[in-house]
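Residues per chain are reported as follows:
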Amino acid sequence: MTYRSIAMDGPSGAGKSTLARALAARLGFLYVDTGAIYRTVGLYTARQGGDCGRKEDVVSRLPELRLSLAYGEDGLQHMFLQGEDVTEAIRDNAVSRYASQVSAYPEVRAFLLEMQRELARTHNVIMDGRDIGTVVLPQADLKVFLTASVEERARRRWAELAARGQEVDLDTVREEIARRDYDDTHRAAAPLRKAADAVEVDTSHLNFQESLDALLALVKERLSL
Ligand code: DC
């Protein structure tokens, strides 16, 4: 049996994870959040007393790392690190920075590549990340590059933090997003870029339902579903 795959790439805050998860539920595909895997590598390094900003601290620990993914009955992806469920722990704000640091090392990317490809060989997947259409699944049936303006992504992120009771300045959030965009697109290893055959979907002026409808229309057209 051949499996279908949808690659969903784009910058932080464009709505990739929410939309990819909803789309996966609608299609009965497995939703794979690859950012969570990088987060887990960062968490492990930090827990072991390593500095994620030092490549050697991260790479020397890869051989002992036991990473796995499991899907709950709710269909949600759980990340396991050395047998422990770290699904919640990897959402910590500090871990976002660790993930960004470890994701810049080619050795880390190479180490995680096969794990991601194996999931696509054995399931229908929607994989969300930065290099899925360009590196991980270059043969994906559909590649989406999801974007939104920096202003709009900053506004969404700010609202999300406010809803969690975290008061931050909108200008600060905008600067952080712009800096992350720069880092993600300028790193040497698998930088964030739109694959030549990806369809760009700009959600700046679309609400959730409109964005989902746009994606469903693309899926219908490309995968004949
Ligand atoms: O999507 P996220 O914020 O959970 O991703 C965490 C970090 O991992 C982010 O800095 C980008 C990086 N990442 C990556 O380099 N390649 C991927 N396929 C997914 C995430």
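Right, let's walk through the structure included here. These numbers were taken from a predicted model, which means no experiment stands behind them.

Each value, and the rule that gives it
Residues numbered from 1 in each chain as written. Predicted model: local features only at pLDDT ≥ 70, side-chain atom pairs only at ≥ 80, totals over all residues. Heavy atoms only, no water. Pairing = 2+ DSSP bridges. Helix = DSSP H or I, 4+ residues; strand = E, 2+ residues; numbered from the N terminus. Axes fitted to C-alpha atoms, helices over the stretch in contact; angles between N-to-C directions. Contact = heavy atoms within 4.5 Å. Buried < 20%, exposed > 50% of the residue type's maximum accessible area, 1.4 Å probe, protein only. Near = heavy atom within 4 Å. Polar contact = N/O pair within 3.5 Å; in protein donor to acceptor, adjacent residues only side chain to side chain. Areas by Shrake-Rupley, 256 points an atom, 1.4 Å probe, with all protein chains shown as cover. Nonpolar A, V, L, I, M, F, W, Y, C, P; charged D, E, K, R; others polar. Expected span 1.5 Å × (residues − 1). Arc of directions from axis to C-beta.

A short note on the sheet that holds strand E2 (residues 30-33)
- Judged by pairing direction, the sheet is parallel, and its five strands sit side by side in the order E2-E6-E1-E7-E8 without closing on themselves. The two strands at the open ends of the sheet, each matched to only one other strand, are E2 and strand E8 (199-202). Between one strand and the next, the sheet's axes are offset by a mean angle of 20 degrees, whatever the strand orientation.
- The pairing of E2 with strand E6 (residues 125-129) spans four bridges and is classified as parallel. Bridge pairing in E6 links Val 32 to Met 127.
- Where helix H2 (residues 34-47) meets the sheet, its contacts fall on E2 and E6, and the angle it forms with E2 comes to roughly 40 degrees.

So, unusual backbone geometry
- One non-glycine residue with positive phi stands out, namely Gln 82, at about 50 degrees.
- Along the chain, Gln 82 turns up in the loop between strand E4 (77-81) and strand E5 (84-85).
- Phi angles above zero are rare outside glycine, and Ala 190 is one such case at about 45 degrees.
- Considering the arrangement of structural elements, one finds Ala 190 in the loop between helix H8 (170-186) and E8.
- Exposure remark for Ala 190: the relative accessible area of 19% places this residue in the buried category.

Structural notes on the sheet that holds strand E3 (residues 67-71)
- On the basis of which strands lie adjacent, the open sheet formed by three strands has the order E3-E4-E5 and antiparallel pairing. The two strands at the open ends of the sheet, each matched to only one other strand, are E3 and E5.
- Alignment of E4 against E5, held across two bridges, turns out to be antiparallel. Along E5, the bridge assignment pairs Leu 81 with Glu 84.

Quick notes on the site of the ligand
- The ligand sits among 13 residues. The nearest are Thr 34, Arg 39, Arg 109, Asp 131 and Arg 187.
- Side-chain polar atom of Thr 34 to a nitrogen atom of the ligand: 3.0 Å apart, as the coordinates give it.
- Note that an oxygen atom of the ligand is positioned 2.8 Å from one of the side-chain N or O atoms of Arg 109.
- Considering the ligand on its own, with 450 Å² of exposed area, one finds that the protein chains cover 94% of that surface.
- When residues of the shell around the ligand are traced back to their parent elements, those giving at least two are H2 and helix H4 (93-102).
- When residues in the shell around the ligand are grouped by element, the largest group, four residues, is from H2.
- Of the residues in the shell around the ligand, the class split is two nonpolar, five polar and six charged.

Let's talk about helix H9 (residues 208-223)
- Under the 1.5 Å per step criterion, the end-to-end length of H9 is 22 Å for 16 residues, consistent within 8% with the ideal 22 Å.
- Residues Ser 211, Leu 212, Leu 215, Leu 216, Leu 218, Val 219 and Leu 223 constitute the buried set of H9. Buried residues along H9 cover an arc of 160 degrees about the axis, so they all sit on one side. Facing away from the buried side of H9, by more than 90 degrees, are the exposed residues Lys 220 and Glu 221.
- Where the residues of H9 are buried, they touch strand E1 (5-9), helix H1 (16-27), strand E7 (142-147) and E8.
- Near the N-terminus of H9, the side chain that reaches the backbone nitrogen of Gln 209, with its oxygen 3.1 Å away, is that of Asn 207.
- Positive backbone phi, approximately 50 degrees, marks Ser 224, located one or two places after H9.

Quick look at the pairing of E4
- Burial along E4 is one-sided: Gln 77, Met 79 and Leu 81 are buried, and none of His 78 and Phe 80, which face the opposite way, are.
- Sheet topology note: the E3/E4 ladder contains five bridges and is antiparallel. Looking at the pairing, Ser 68 lines up with Phe 80 of E4.
- A loop of five residues connects E3 with E4, the two strands running antiparallel in sequence, and Gly 75 in this loop sits at a positive phi of about 80 degrees.

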